[in-house]
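Take a look at the letters that make up each chain.
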Protein chains: 2
Amino acid sequence: MSLLNIGVSCCCCLVLISCHYYQPISTSIGFAVVGYQLVDHLIPSTSQHFIKRGLHGKDLSKLNKPIIPETIGIIPSIVYIFILIIIIPFIFRNDSSTSFNINKLGLYLSCLLSLLCMIILGLIDDLFDIRWRHKFFLPFIASIPLLVVYYIDYSLTSILIPKFITQIWGSDSNSIDLGWVYYIYMGSISIFCPNSINILAGINGLEVGQTIIIGLLLLINDFYYLSIGNSTDLSYNIHSFSSCLLIPFMGVALSLFKYNKYPSKVFVGDTWCYFSGMVFAVVGISGHFAKTLMLFFIPQLFNFIYSIPQLFGLIPCPRHRLPKFNELDGLLYNSYTEYDKKPLKKCYYKIFTLLEKFKLIKLVKKDDLIVKSSNLTLINLILIWTGPVREDQLCYTIMLLQFLIGFIMLILRHTIVPILFGFDNSWNMLNRH
Amino acid sequence: MSLLNIGVSCCCCLVLISCHYYQPISTSIGFAVVGYQLVDHLIPSTSQHFIKRGLHGKDLSKLNKPIIPETIGIIPSIVYIFILIIIIPFIFRNDSSTSFNINKLGLYLSCLLSLLCMIILGLIDDLFDIRWRHKFFLPFIASIPLLVVYYIDYSLTSILIPKFITQIWGSDSNSIDLGWVYYIYMGSISIFCPNSINILAGINGLEVGQTIIIGLLLLINDFYYLSIGNSTDLSYNIHSFSSCLLIPFMGVALSLFKYNKYPSKVFVGDTWCYFSGMVFAVVGISGHFAKTLMLFFIPQLFNFIYSIPQLFGLIPCPRHRLPKFNELDGLLYNSYTEYDKKPLKKCYYKIFTLLEKFKLIKLVKKDDLIVKSSNLTLINLILIWTGPVREDQLCYTIMLLQFLIGFIMLILRHTIVPILFGFDNSWNMLNRH
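Residues numbered from 1 in each chain as written. Chains lettered and ligands numbered in written order. Predicted model: local features only at pLDDT ≥ 70, side-chain atom pairs only at ≥ 80, totals over all residues. Heavy atoms only, no water.

Some remarks on the overall build of chain A
Reasoning step 1: Within chain A, the secondary structure is distributed over 18 helices and 11 strands.
Reasoning step 2: For chain A, whose C-alpha radius of gyration is 23 Å, the value lies close to the compact-globule estimate of 22 Å for 433 residues.
Reasoning step 3: Projected onto its principal axes, the C-alpha coordinates of chain A cover approximately 75 × 65 × 35 Å.
Reasoning step 4: Split into buried and exposed, the 433 residues of chain A put 57% on the buried side.
Reasoning step 5: Within chain A, contacts between residues separated by at least 24 positions form 72% of all contacts whose residues are at least 6 apart in sequence.
Reasoning step 6: With the model as given, the accessible surface of chain A reaches about 18400 Å², and the carbon-plus-sulfur share is 65%.
Reasoning step 7: Put simply, chain A has 32 plus and 24 minus side-chain charges, and the middle of one group is 6 Å from the middle of the other. (Helix = DSSP H or I, 4+ residues; strand = E, 2+ residues; numbered from the N terminus. Rg over C-alpha atoms; globule rule 2.2 N^0.38 Å. Buried < 20%, exposed > 50% of the residue type's maximum accessible area, 1.4 Å probe, protein only. Contact = heavy atoms within 4.5 Å. Areas by Shrake-Rupley, 256 points an atom, 1.4 Å probe, with all protein chains shown as cover. Lys, Arg positive; Asp, Glu negative; His and termini not counted. Charge placed at Lys NZ, Arg CZ, Asp CG, Glu CD.)

And the structure:
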């Protein structure tokens, strides 16, 4: 990928952009292509510098355990931010109806600020290995710019609740005003998204792959609204805004995936997990559709809940919970936690035996005692169901599963939810504002 | 400095803030104290991690050349950004006349974005040692967010010129509209400020000391406007905005100076030079007083012009141009460029001999040939004038000189300039807009 190629594709994009001047979506697509090409050029040309600086890791699931540059996620993150900055004059105007109103600029800039804060904090984490209990809250700090601007510029702190619940206490209103609790709710979302992406990791391509799936599902949701509304609707505007944040993200993420997929040429580092999670949190918060966003995080949420016994130290947690690589056949097998030093408590014995019946855990017994149990991660669970597979197949299986769950949720969201709530929430809610 | 101390001083500040709720200046002072304390706590508690990560340098002007953590400038920079974020709800309101109008929020957030971009680029530079010709332009990239928002939100691209010049071509107007050239002008300022601070460096405390002096001079200028105007004036508002950016900066800079001054416990790295230069550029650009800003950069400008023969390779430039440390008396002496391999060209011989007469260079001759000449930096020049001095005296001499020049310029700015321009520029100019 030479600089000439970048030049050529940039020119193509400029044509695309100028044909649709002030059409936010097509402009974003143009810049997404630029982002893809830039990342595609920068990763191979800079990755050696990362190794030199000591930012590298070993790929444990390969034959010769090659050394691979780490923290490469910083490159697409920075490219993404610069694209979002350069795009501003194309999508914000005082005078044009097809582009965003300048009043939205404050919100947009605060989204960028939150993302930049997240990049810096992620980078600091990759550099200095911050303690787990500290880094858990880093995304909350990064979300402060967005929350602050939300507070002084919008202060919309109501959420909609289903009709049948409001009827229980005989209220007329379809929404409750959470007040300051709403800011805690938004802060929690910004903690959840990055961290849940961060713990569903460990095989080539999965860190980036899962963010591509979530981005795709969010875009499908956006385009649904764009297809049924017209450009004067508030919800059309909101989902057009959200697409403008997501389309360039998809550009840089796809380019990163090219290098991170099996066999990985680069590792993305915590920076990418935090950054991509924050992109989704920012999109959800600024568009006031955080609950819909959560639907696309079900696999991550499941992985988190499933991991709780190990994360919170209820049962032993080894340093790495990656699947085990077998050098003979090149396949990945379940990895196990061993109970040789400290036998498993009786209550867990019963739960684990029950879980084993439903194929939710794999146990190795000896004389009726549990000696080993499979590590509690979604990756290990999939391995229980599919048996040993190659790393790339495992990654694609999880991505496919994630897409299917998300897509089903999306359909339910637009069929059952309007019935439960009495209307499709973002429409009415935001029009009332 | 314990966490308790921070807590106590935070409480004091909260009292100060709440007493003057929505008074931007006193709120900024309160937060500046918080910033001072935070940086004062964070630097000693984190500096060992920087050394571990390989971010360290040798202090060449000390007896045993101790190893000192480098890139510490990142700490006050990040603290500063978070203060500017948290302060937002206190100084921006829709409904109060004493605080800033919410319309200014876009500009404010774009300032923050530019500063954050500068931090990231400075950090990348400190980590990966970017080539000189590339890093020269990094501040321009960081200024793009500010320029973009300036473009869509303000687009004020006129500058005032003295009356006698306009009279030459018989124009009625006191200003000329530079159009897109104005953006190049602003971009150049953002390149100049960080880089000129970066090359006036090399002795303990000077990197931070010079930024404290510039900040102080800018604040004096701001308070001059605040004292003569009233809160409904546009220029009052602009200089109040600028103070709100500068006061917390002074807080973190003073705290950093405590550790960076002779004998340095920490080195600040390029991050700080870039970041602080960008703070000034951002203040000047957003307040539309970039020309006044330049008055406070005269020592840096002189240092740059004086260095040109070495920077652009007209005469040899050694790797380091620091003054020479004499271990016997602990004083700093002039450092020299030697011409033993490549004799000095004839034209330079004449110029140098002339400069020597005015005590602007120090030459060592042998048989009527120049063998060595003092390195062309402001630091060396001061050493020619004062003779060998201790490192801290040299630093304070330069800071004092800088303050005196700046202060004289400030007086001229408010006495002669209004006569030349026919009025005090920012007042009329901005009121017209």
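Resuming the write-up.
Concerning the side chain of Ser-196 of chain A
Reasoning step 1: Following the sequence through the fold, Ser-196 of chain A ends up in helix 9 (residues 181–199).
Reasoning step 2: Residue classification places Ser-196 of chain A among the buried residues on the basis of a relative accessible area of 2%.

As for the sheet that holds strand 10 (residues 363–366) of chain A
Residue and element names in this part refer to chain A.
Reasoning step 1: As summarised here, the arrangement of the 3 strands in space is 9-11-10, forming an open sheet in which the pairing is antiparallel. The sheet terminates laterally at strand 9 (336–338) and strand 10, the two strands that pair on one side only. On average, each strand axis in the sheet is inclined to that of its neighbour by 25°, with strand direction left out of account.
Reasoning step 2: Of the pairings in the sheet, the one linking strand 9 to strand 11 (residues 369–374) comprises 3 bridges and is antiparallel in character. Following the sheet pairing, Glu-338 is matched in strand 11 by Lys-372.
Reasoning step 3: Sitting on the sheet, helix 15 (residues 346–357) touches strand 10 and strand 11, and the angle it makes with strand 10 is about 120°. (Pairing = 2+ DSSP bridges. Axes fitted to C-alpha atoms, helices over the stretch in contact; angles between N-to-C directions.)

Structural notes on the pairing of strand 11 (residues 369–374) of chain B
Reasoning step 1: Relative to strand 11 of chain B, strand 10 (residues 363–366) of chain B is paired through 4 bridges, and the arrangement is antiparallel. Looking at strand 11 of chain B, one finds that Lys-365 of chain B is bridged to Ile-370 of chain B.

As for the domain arrangement of chain A
Residue and element names in this part refer to chain A.
Reasoning step 1: According to the domain assignment, chain A contains domain 1 (2–92 + 101–310 + 397–430) and domain 2 (324–391).
Reasoning step 2: When each unit is reduced to the centre of its C-alpha atoms, the spacing between domain 1 and domain 2 is 33 Å.
Reasoning step 3: Contacts between the two partners involve 21 residues from domain 1, matched on the other side by 15 residues from domain 2.
Reasoning step 4: Counting the surface lost from both domain 1 and domain 2, the interface buries some 1800 Å², and carbon and sulfur atoms represent 66% of this.
Reasoning step 5: A per-residue breakdown of the area domain 1 buries against domain 2 is headed by Tyr-262, Tyr-306 and Gln-310, which together make up 35% of the total.
Reasoning step 6: Scanning the region where domain 1 abuts domain 2 turns up 2 salt bridges.
Reasoning step 7: In this structure, Glu-391 engages Lys-62 in a salt bridge whose closest nitrogen and oxygen atoms are separated by 2.6 Å.
Reasoning step 8: Applying the counting criterion to the domain 1 and domain 2 interface returns 8 residue pairs in polar contact (both at pLDDT 80 or more).
Reasoning step 9: Contributing elements (two or more residues each) for the side of domain 1 that touches domain 2: helix 14 (298–311) and helix 17 (391–421).
Reasoning step 10: Broken down by element, the side of domain 1 that touches domain 2 gets its largest block of residues, 7 residues, from helix 14. (Domains from an automatic or database assignment. Buried area = accessible area lost by both parts, 1.4 Å probe. Salt bridge = Lys/Arg side-chain N within 4 Å of Asp/Glu carboxyl O. Polar contact = N/O pair within 3.5 Å; in protein donor to acceptor, adjacent residues only side chain to side chain.)

So, the interface of chain A and chain B
Reasoning step 1: Between chain A and chain B, the contact holds 38 residues from the first and 39 residues from the second.
Reasoning step 2: Interface area, chain A with chain B, both sides summed: about 3500 Å², of which 83% is carbon and sulfur.
Reasoning step 3: When the buried area of chain A at its contact with chain B is split by residue, Arg-53, Phe-128 and Ile-152 of chain A rank highest and sum to 20% of it.
Reasoning step 4: Applying the counting rule to chain A against chain B returns 0 salt bridges.
Reasoning step 5: Of all the elements in the fold, those that place two or more residues in the side of chain A that touches chain B are helix 2 (24–52), helix 3 (74–86), helix 4 (88–91), strand 3 (92–93), helix 5 (105–128) and helix 7 (138–153) of chain A.
Reasoning step 6: A per-element tally of the side of chain A that touches chain B places helix 5 of chain A first, with 15 residues.

Notes on the confidence of the model for chain A
Residue and element names in this part refer to chain A.
Reasoning step 1: Per-residue pLDDT for chain A averages 86, and the proportion of residues at 70 or more is 91%.
Reasoning step 2: The secondary-structure element of chain A with the lowest mean pLDDT is helix 18 (residues 425–432), recorded at 49, while helix 10 (residues 206–228) shows the highest, at 95.
Reasoning step 3: The ipTM for the predicted assembly is 0.85, set against a pTM of 0.88. (pLDDT = per-residue confidence, 0-100.)

Let's talk about the relation of the copies chain A and chain B
Reasoning step 1: At an RMSD of 0.0 Å, chain A and chain B line up after a rotation of 180° and a shift of 0.0 Å along the axis. In short, the pair behaves as if placed about a two-fold rotation axis. Relative to the rotation axis, the C-alpha of Gly-106 of chain A is the closest in chain A, positioned 2.5 Å from it. (Least-squares fit on C-alpha atoms with pLDDT ≥ 70 in both.)

Side note on the pattern of salt bridges
Residues and elements named next belong to chain A.
Reasoning step 1: Applying the stated criterion across every chain, the model contains 14 salt bridges over all chains.
Reasoning step 2: Among the salt bridges present, the one from Lys-135 reaches Asp-125, with a minimum N-O distance of 3.6 Å. One end of the pair, Lys-135, is in helix 6 (residues 132–135); the other, Asp-125, is in helix 5, with 10 residues separating them in the sequence. As far as burial versus exposure is concerned, Lys-135 and Asp-125 are alike and both buried.
Reasoning step 3: Through salt bridges with shared partners, a single ionic network connects Asp-59, Lys-62 and Glu-391.

Some thoughts on the packing of helix 7 of chain A against helix 3 (residues 74–86) of chain B
Reasoning step 1: Axis separation between helix 7 of chain A and helix 3 of chain B bottoms out at 9 Å; the angle between their running directions is 30°. Put simply, helix 7 of chain A runs roughly parallel to helix 3 of chain B. As helix 7 of chain A runs across helix 3 of chain B, the sense of the crossing is left-handed. Contacts from Ile-141, Ile-144, Pro-145 and Val-148 of chain A of helix 7 of chain A reach helix 3 of chain B at Phe-82, Ile-85 and Ile-86 of chain B.
Reasoning step 2: The residue makeup of the contact of helix 7 of chain A with helix 3 of chain B, split by class, is 7 nonpolar, no polar and no charged. (Parallel < 35°, antiparallel > 145°, perpendicular 65-115°, else oblique. Left-handed = near helix turned anticlockwise from the far one by under 90°. Nonpolar A, V, L, I, M, F, W, Y, C, P; charged D, E, K, R; others polar.)

Observations concerning helix 3 of chain B
Residues and elements named next belong to chain B.
Reasoning step 1: Counted at 1.5 Å a residue, the expected span for helix 3 with its 13 residues is 18 Å, and the 18 Å between its end C-alpha atoms agrees.
Reasoning step 2: A large share of helix 3 lies buried, amounting to 12 of its 13 residues.
Reasoning step 3: Along helix 3, the residues classified as buried are Ile-74, Ile-75, Pro-76, Ser-77, Ile-78, Val-79, Tyr-80, Ile-81, Phe-82, Ile-83, Leu-84 and Ile-85. (Expected span 1.5 Å × (residues − 1).)

A short note on the environment of Asn-221 of chain A
All names here are of chain A.
Reasoning step 1: Mapped onto the secondary structure, Asn-221 falls in helix 10.
Reasoning step 2: The class of Asn-221 is buried, set by a relative accessible area of 1%.
Reasoning step 3: Spatially, the C-alpha atoms of Asn-221 and Trp-169 are 32 Å apart, while their sequence positions differ by 52 residues.
Reasoning step 4: In contact with Asn-221, not counting residues within four places along its chain, are His-239, Thr-292, Phe-296, Leu-410 and His-414.

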